[in-house]
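Each chain, letter by letter, is given below.
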Amino acid sequence: MPTAYFREMTEIAAIGAIGYFAVFGAGFVFRPDLVERFALSWSDPAGKTEVRCYYGAVSWALAGFLGYLLTQDLADEALVGVLILASSVLTMRVIGTVVDGGMSHPYSRSALPVEALFVLAVAAVVVFG
């Protein structure tokens, strides 16, 4: 396949990651109670603010940084960053699920395969794109 095809695939994947982080961030900035879907809750208003900051604002920052890298023609580097982030989350998800005994929760049972597939998909684009 032509190099332009793989270049386009890398850029599309980077744009997809930007969209994911932007939407994910908006969800938690404007509806922090969505965190309950992850089996989390807060016991004080400061906890709600924490959800807005670290699930919302940090996701927006990632989207912004990935967008910046894309405008600098650094789509490959942006995807490597996404791969490092996603691999770290997946690794800790596996370790934490085992250590904490969380496999019985529906969220853990859905998050593990989804995150594994996401890591594999991003890795495929990084390697072949």
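Preceding this paragraph is the structure being described.
Each value, and the rule that gives it
Residues numbered from 1 in each chain as written. Predicted model: local features only at pLDDT ≥ 70, side-chain atom pairs only at ≥ 80, totals over all residues. Heavy atoms only, no water. Helix = DSSP H or I, 4+ residues; strand = E, 2+ residues; numbered from the N terminus. Buried < 20%, exposed > 50% of the residue type's maximum accessible area, 1.4 Å probe, protein only. Contact = heavy atoms within 4.5 Å. Expected span 1.5 Å × (residues − 1). Core = buried A, V, L, I, M, F, W, Y, C linked by side-chain atoms within 4.5 Å. Patch = residues over 30% accessible without salt bridge, like charges linked within 9 Å, V, L, I, M, F, W, Y side chains within 5 Å. Areas by Shrake-Rupley, 256 points an atom, 1.4 Å probe, with all protein chains shown as cover. Salt bridge = Lys/Arg side-chain N within 4 Å of Asp/Glu carboxyl O.

## A look at the environment of Ala57
And then number 1: Looking at the element boundaries, Ala57 is found in helix H2 (residues 45–71).
And then number 2: On the basis of relative accessible area, Ala57 is assigned to the partly exposed category, the value being 37%.
And then number 3: Ala57 has contacts with Val29 and Arg52, leaving out every residue within four places of it along the chain.

## Things to note about helix H3 (residues 75–100)
And then number 1: Taking 1.5 Å per residue as the helical rise, H3 with its 26 residues ought to reach 38 Å, and the 36 Å between its terminal C-alpha atoms agrees with that figure.
And then number 2: Turning to H3, its buried residues are Ala75, Ala78, Leu79, Val82, Leu83, Ala86, Leu90, Gly96 and Thr97.
And then number 3: Once H3 ends, the next one or two residues include Gly101, with phi positive near 70°.

## Details of the environment of Ser41
And then number 1: With respect to the secondary-structure elements, Ser41 resides in the loop between helix H1 (3–30) and H2.
And then number 2: With 10 residues separating them in the primary sequence, Ser41 and Val51 have C-alpha atoms 9.3 Å apart.

## Notes on the nonpolar core
And then number 1: By size, the foremost hydrophobic cluster in this structure holds 16 residues, and its most contacted members are Leu66, Val82, Val119 and Val122.
And then number 2: Put simply, the parts of the chain that give this core at least two residues each are H1, H2, H3 and helix H4 (106–128).
And then number 3: No other element matches H3, which puts 6 residues into this core.
And then number 4: Other than its neighbours up to four places away in sequence, Val82 contacts Ala17, Leu66, Phe118 and Val122.

## Side note on a nonpolar patch on the surface
And then number 1: A contiguous nonpolar surface patch, about 470 Å² in accessible area, is contributed by Val80, Ile84, Val126, Val127 and Phe128.
And then number 2: When residues of the nonpolar patch are traced back to their parent elements, those giving at least two are H3 and H4.
And then number 3: Among the elements that take part in the nonpolar patch, H4 stands out by supplying 3 residues, more than any other.
And then number 4: Under the relative-accessibility criterion, Val126 is labelled partly exposed at 30%.

## Section: the environment of Arg93
And then number 1: Assignment of secondary structure puts Arg93 in helix H3.
And then number 2: The class for Arg93 is partly exposed, based on a relative accessible area of 21%.
And then number 3: If near-sequence neighbours (up to four positions away) are discounted, Arg93 is found in contact with Tyr107, Ala111, Leu112 and Glu115.

## Observations concerning unusual backbone geometry
Most of the time, phi is negative for any residue but glycine, and the peptide bond is trans.
And then number 1: The backbone of Ala39 shows a phi angle near 65°, a positive value even though the residue is not glycine.
And then number 2: With respect to the helices and strands, the residue Ala39 is situated in the loop between H1 and H2.
And then number 3: Judged by relative accessible area, which is 49%, Ala39 ranks as partly exposed.
And then number 4: One non-glycine residue, Asp73, adopts positive backbone phi at about 60°.
And then number 5: Of note, Asp73 is situated in the loop between H2 and H3.

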